Amino acid sequence: MSTRNKWQIFGLLILAGCTSEQPLEFSYKNLNKLDKDLVQPNACLVIDNNKTTFKKGHKNLSIDPFLGQEGYSTASVSKQNRPYDNQYENQSCKNPIELTRKIEVSSISYPSSCLHFQYAGNIYTGSTTSYNSWNDTITTDIHSRAIYNPIEYACVRTSYYIDIDFYKGNQRIGNIESGKWQSHRDIDDTINKFTRIFIDNVQQDYVDKVRQEQNKEQQQHCAACFDNSKTFFDNLRCSLRGCSPDEI
């Protein structure tokens, strides 16, 4: 079983503290149960949108749950079944392997503090003087830089936690979820990104596994070839088969 924690940045941070988009952190788990399916030529993973299940819940909190704490449990947010109309756009291939998703979205709102950056004018940063020999003119350009003062103010933050389980039939084959509570402008867009990341990672895991097995078989073949070599020409024959003593 392979488990990886990754960072993916989908946008630039902006100055306004309460509306800035955080780097998208997620935790990915592949149970490696699709190897027999992915061995088919021209196989790919697709989502059966008609069988997607969706649960969502929200909770208002009286205090910031992250002050002096490491996190907040999604189990504390009750969730209800809801319709999910967003269609995931699948790629096409000759041998599609259909997966279904169980999506859960938890959200919390809580009092916090935000930063607003207020324009405070420009400061002088120097000048550049240039001379035009054609008409004997001297031009001086004044350079400046805008400065902003941070202003802290009370606000309400809303954070989300997205958890997606993937199934082939009744068999759970993996999961991707938020690495921590995060703020997202578009939940559907984030769910689609999570889905694409999961599909890409599962397919790449299979490619990496096949490559590792092939490399292992090649190493075993080369080791046997050199073990049975008795002459210079035997070693040359092994080298012509793509073997090197340094790789054994």
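No experiment lies behind these values; they were computed from the predicted model shown.

This part is about the overall build of the protein chain. A count of helical and extended segments in the protein chain gives three helices and eight strands. Counted from the first residue to the last, the protein chain has its helices and strands arranged as β-β-α-β-β-β-β-β-β-α-α. Residues classed as buried in the protein chain amount to 33% of the 248 residues present. In the protein chain, of all internal contacts separated by at least 6 residues, the share reaching a separation of at least 24 is 72%. For the protein chain, the accessible surface area stands at approximately 15900 Å², while carbon and sulfur atoms represent 48% of it.

Along the chain, Phe198 falls in helix H2 (residues 187-227). With a relative accessible area of 0%, Phe198 lands in the buried category. Separated by 22 residues in sequence, Phe198 and Ile176 place their C-alpha atoms 6.6 Å apart. Contacts of Phe198, omitting those with residues within four sequence positions, involve Tyr28, Lys29, Phe166, Ile173, Gly174, Asn175 and Ile176.

Another aspect to go through is the state of the cysteines. Per the stated rule, a full pass over the model turns up two disulfides. Through a disulfide, Cys44 is tied to Cys93; the S-S separation comes to 2.0 Å. Taking the sign of the S-S torsion, -85° for the link of Cys44 and Cys93, the bridge is left-handed. One end of the pair, Cys44, is in strand S3 (residues 43-47); the other, Cys93, is in the loop between strand S5 (80-81) and strand S6 (95-132), and 49 residues separate them in sequence. Disulfide pairing is shown between Cys114 and Cys155; the S-S distance is 2.0 Å. Between Cys114 and Cys155 the sulfur-sulfur dihedral comes to about 75°; the bridge is accordingly right-handed. Linking Cys114 in strand S6 with Cys155 in strand S7 (residues 137-168), this pair joins segments that are 41 residues apart in sequence.

So, on to the nonpolar core. Core analysis: the largest hydrophobic core is formed by 28 residues, its most contacted members being Leu45, Val105, Ile164, Ile176 and Ile191. Looking at this core, the elements with two or more residues in it are strand S2 (24-30), S3, S6, S7, strand S8 (171-178) and H2. Per-element tally for this core: the top contributor is H2, with eight residues. Residues Leu61, Val77, Tyr161 and Trp181 belong to the second largest nonpolar core, which totals seven residues.

One pass over the structure, following the stated rule, counts four salt bridges. Here Asp37 and Lys168 are joined by a salt bridge, their closest N and O atoms 3.6 Å apart. With a gap of 131 residues between them, Asp37 in helix H1 (residues 35-38) and Lys168 in strand S7 connect regions that are remote in the sequence. Classification of Lys168 by relative accessible area gives partly exposed; the value is 29%.

With phi around 55°, Asn32 is a residue other than glycine that occupies positive phi space. Along the chain, Asn32 falls in the loop between S2 and H1. Asn32 gets classed as partly exposed once you look at its relative accessible area, which sits at 27%. One non-glycine residue, Asn42, adopts positive backbone phi at about 55°. Among the secondary structure elements, Asn42 is positioned in the loop between H1 and S3.

About the thresholds
Residues numbered from 1 in each chain as written. Predicted model: local features only at pLDDT ≥ 70, side-chain atom pairs only at ≥ 80, totals over all residues. Heavy atoms only, no water. Helix = DSSP H or I, 4+ residues; strand = E, 2+ residues; numbered from the N terminus. Buried < 20%, exposed > 50% of the residue type's maximum accessible area, 1.4 Å probe, protein only. Contact = heavy atoms within 4.5 Å. Areas by Shrake-Rupley, 256 points an atom, 1.4 Å probe, with all protein chains shown as cover. Disulfide = S-S within 2.5 Å. Core = buried A, V, L, I, M, F, W, Y, C linked by side-chain atoms within 4.5 Å. Salt bridge = Lys/Arg side-chain N within 4 Å of Asp/Glu carboxyl O.

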